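# Descriptive structure summary
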Amino acid sequence: MRASWSPGWGDSTVAPGGAQRNPGFSDNPTLTKPWIGRKMLPITLRHACCVVAILAGVISSKAADFTVDPVTRYIHVMYAVPADAPDTVEVYAAWSVPESGEWHPAKVWPLVSETALRMATSADWTAWHNEGRITERRAAGLIRTLVFNPYPDGQQDGRVNVQFRITITGTDGATIAEETLAIDAGNSDVIYIEDWSKVTTADAIAVDDATDARLWTWRTGQENVTFGNGLYGNAGPDVPLPPLSYPLDLKGTYALFACSAPSSGAIELRLTGDERSDSLASSRPGEEILWRWARMDRQHLVLEQPHNYTGYTTGHIDYVKLVPLSDEVATALDEQFGTETDKIVAGYFEPYSWAFSGDVTRPLQHREPLTAFAQARFSIVDIQLGRFGMKSVFETRSTDQLLHATIGDPIGAVSRPTTDNVGQMQQYTNTLDAELRYSRELGLSAHANFGASNCYPGSPLQGDFSKEHPEWMRGSTLRFEVPEVRAYALGLYREALEIGAKALSIDFCRYPETIDTVETCNTFLKDLRALADEFSPVEGQRVPILVRFPGTGVRRAELFDYATWAREAWVDYLCPSNIQGRHMNIDMTPYFHAVKGTRTTLLPATDGLSWGLPFPGPYLKRVAHLYEQGAPGVYVYQADARVLGRPEDQRTMRLLASSEAVKRRIEREATLRPVRSKGIYITTPHQIEGYNKWERIRIWTEGVPLGELEVYIDDALINRVDG
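The paragraphs below set out a description of the structure included in this document. All values derive from a computational prediction rather than experimental measurement. (Residues numbered from 1 in each chain as written. Predicted model: local features only at pLDDT ≥ 70, side-chain atom pairs only at ≥ 80, totals over all residues. Heavy atoms only, no water.)

Further remarks concern the side chain of Ser505. Mapped onto the fold, Ser505 is located in strand 34 (residues 504-507). Engagement of the side chain of Ser505 in a polar contact is seen with the backbone oxygen of Leu546, the distance being 3.5 Å. The contact partners of Ser505, leaving out residues within four places of it in the chain, are Asp382, His447, Ala448, Asn449, Phe450, Tyr493 and Leu546. (Helix = DSSP H or I, 4+ residues; strand = E, 2+ residues; numbered from the N terminus. Polar contact = N/O pair within 3.5 Å; in protein donor to acceptor, adjacent residues only side chain to side chain. Contact = heavy atoms within 4.5 Å.)

Okay, structure coming up:
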């Protein structure tokens, strides 16, 4: 597969806009005070264009130079590609201790966006990070930038003092240009935690082949860890290892990074003042993940073993890096999220999926994921309690609960993962009651959500109602044209309201087959409105109803009469949506027209799952477009995949509540696009066996302006798109 662009697009002879992100960095602004050699420039993030001009001036007096990123402390090396260079050149980066004569491949990657780095292949990373080799395309006459991580070998006692050599060759291996510059930068204030024997409970750590499996293990001679040493721990799926606390005595704000060996395990990290932890694991050797930035006064670092659907799994950490941030840098990082929250962000949360990999035995644990939604500045948390016809995942007495083992969606090579975790949560906690209570405390509007129907016939998820009435099913779904089915569904909503729900939600995606006609759906929603009105708290207020339904072009969309729902005031939030990774850019014009002059709010659905638009670039472009059209907010399905996922995804989610923040991010991307290395990136298959017929290949072009793009497979033109 290949894509093509016009040769002249994106050509620029100016130098790039200062500092840039690391592989785990969520493209957060790091342009504040880039260090040009030894000189600091007081440049703020809003002045990216000025940065470009200033750096261009620096380079004009010297062929190659460098800056130091104040957040990552990576070194950004700018160099010139000769004007007569061919379309494709290879750039080799190496470093040497002065006067040693010994050259080593530099751990580098090209200056590209977070989107491109996330879509880069393992082969790309190996060439960049292990071999110091970057392929540059159509870069003749341009200033290019590479990002260099000197740790650990190129840094001694906190000081980077190396000769750095850049060799540019053609595809035939012939040298086109070569430059060497001296890099001298001080990182003595950066803390690297490599020695985990300093935790307060050092007796919980054994060395290498210790016989006590209940201990963490300090292993030597390991691969893909910095000094061949790392911390590991796994005493079996049923035995949790003790948490470890690393004492710190720091003041001020620090950026915290974590690094681990891929496929060796993950680590749960939190500070002693945190209510919840984050799971971190590097996906590539040497990848540092920016976990967060935080005030570190009177904080210790806590390490915990991860847990998944089979029980406790291997905990692992190579090192943690802490970079002190000036008040100006910390303020700039915070300001990227905007000063005002002017948008409604609704997010789907599936306790089933959360508990699938968890060890939930106490109601208080339900507060942890909701805290993440509050931190992401969501207005509405749409809490799924099950799908009609399956066992419910809340404290129901109207139908059967999911109390025992069940199976889930494929996880990697495991096609039918089995777990007791969800049943355990239902045995020991009241899911809905707890989450309603904690949502109120955290300022979230909690909606009690049911999926219209999927009975999961023949599986442990199937409920008694559908087993007893197979004649009321259509395929794997209940038939809402049957009055008894509608009464059953309304009975579960009534029970949720009696438990204390103040808002309701129904999801006709991903299984819209439950509806046969427009009249069937309208009848149900009219009845649901009447039920909700019975529980209206006071005169003039009412229980809001949110509906996610198939949008234009999605299967069975013609059965969902959203204009009538809005006109008759049956529903309060319309969320037209895609299904399973298709139709990601539905035209919202008809929906804006439908809600105009009504009390109904339009929240277009955006897909937070991996089959949706790649993060963060294409996803934020879609959100920005919706906001430009006047959308008062967005609905994120499945939001918990991002809000509880990678730290950079959590930061992307936090942008959505501010139209200003989203707009500024898009503008910043447009400013930096011309100075980034050119490339074409495509999404990888969602499952290990390859692309599936329901998947879409999504393309990200880097370093060139968005414009017409032609897509070829085996030299056949199969698509042409604008933008």
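Here we take up the sheet that holds strand 17 (residues 244-246). Here four strands make up an open sheet; going across it, the order is 17-22-19-20 and the pairing antiparallel. Edge positions in the sheet fall to strand 17 and strand 20 (278-280), since each has one partner strand and no second. On average, each strand axis in the sheet is inclined to that of its neighbour by 30 degrees, with strand direction left out of account. Relative to strand 22 (residues 301-304), strand 19 (residues 267-271) runs antiparallel, the two sharing four bridges. In the sheet register, Glu268 faces strand 22, and the bridge partner there is Glu304. (Pairing = 2+ DSSP bridges. Axes fitted to C-alpha atoms, helices over the stretch in contact; angles between N-to-C directions.)

Here Gln365 lies in the loop between helix 5 (351-356) and helix 6 (367-375). Engagement of the side chain of Gln365 in a polar contact is seen with the backbone nitrogen of Arg362, the distance being 2.9 Å. Among residues more than four places away in sequence, those in contact with Gln365 are Trp354, Asp359 and Val360.

The element strand 19 is largely enclosed, with a buried count of four among its five residues. Of the pairings in the sheet, the one linking strand 19 to strand 20 comprises three bridges and is antiparallel in character. Pairing of Ile267 across the sheet is with Leu280, part of strand 20. (Buried < 20%, exposed > 50% of the residue type's maximum accessible area, 1.4 Å probe, protein only.)

Moving on: the pattern of salt bridges. Per the stated rule, a full pass over the model turns up 30 salt bridges. We note a salt bridge from Glu304 to Arg270, for which the minimum N-O separation is 3.5 Å. Placement of the pair is Glu304 in strand 22 and Arg270 in strand 19, with a sequence separation of 34 residues. Residue Arg367 is joined to Glu275 by a salt bridge in which the shortest nitrogen-to-oxygen separation is 2.6 Å. Note that Arg367 is positioned in helix 6 and Glu275 in the loop between strand 19 and strand 20, a separation of 92 residues in sequence. One network of salt bridges, in which partners are shared, links Glu114, Arg118, Arg642 and Asp649. (Salt bridge = Lys/Arg side-chain N within 4 Å of Asp/Glu carboxyl O.)

To continue, consider the sheet that holds strand 13 (residues 191-193). On the basis of which strands lie adjacent, the open sheet formed by four strands has the order 13-26-18-21 and antiparallel pairing. Every interior strand has two partners, whereas the edge strands, strand 13 and strand 21 (288-295), have only one. Strand-to-strand twist in this sheet, taken as the mean axis angle between neighbours without regard to direction, amounts to 20 degrees. Two elements, strand 13 and strand 26 (residues 319-325), share three bridges in a ladder whose sense is antiparallel. Looking at the pairing, Tyr192 lines up with Lys321 of strand 26. Here helix 4 (residues 327-335) sits on the sheet and contacts strand 18 (253-259), strand 21 and strand 26; the angle it forms with strand 26, its principal contact strand, is near 105 degrees.

With that out of the way, let us pick up the packing of aromatic side chains. One pass over the structure, following the stated rule, counts 31 aromatic pairs. Relative to Tyr493, the ring of Phe450 has its centre 5.0 Å away and its plane inclined at 80 degrees; by these criteria the two rings are edge-to-face. Taken together, the residues Phe450 in strand 31 (residues 445-451) and Tyr493 in helix 10 (residues 483-499) connect sequence positions 43 residues apart. Residue Phe450 is classed as buried on the basis of its relative accessible area, which comes to 1%. Judged by its relative accessible area of 0%, Tyr493 is buried. One aromatic cluster is present, formed by Phe388, Phe394, Phe450, Phe465, Trp472, Phe480, Tyr488, Tyr493 and Phe524 through successive ring pairs. (Phe/Tyr/Trp six-rings, centres within 6.5 Å; stacked < 30°, edge-to-face > 60°.)

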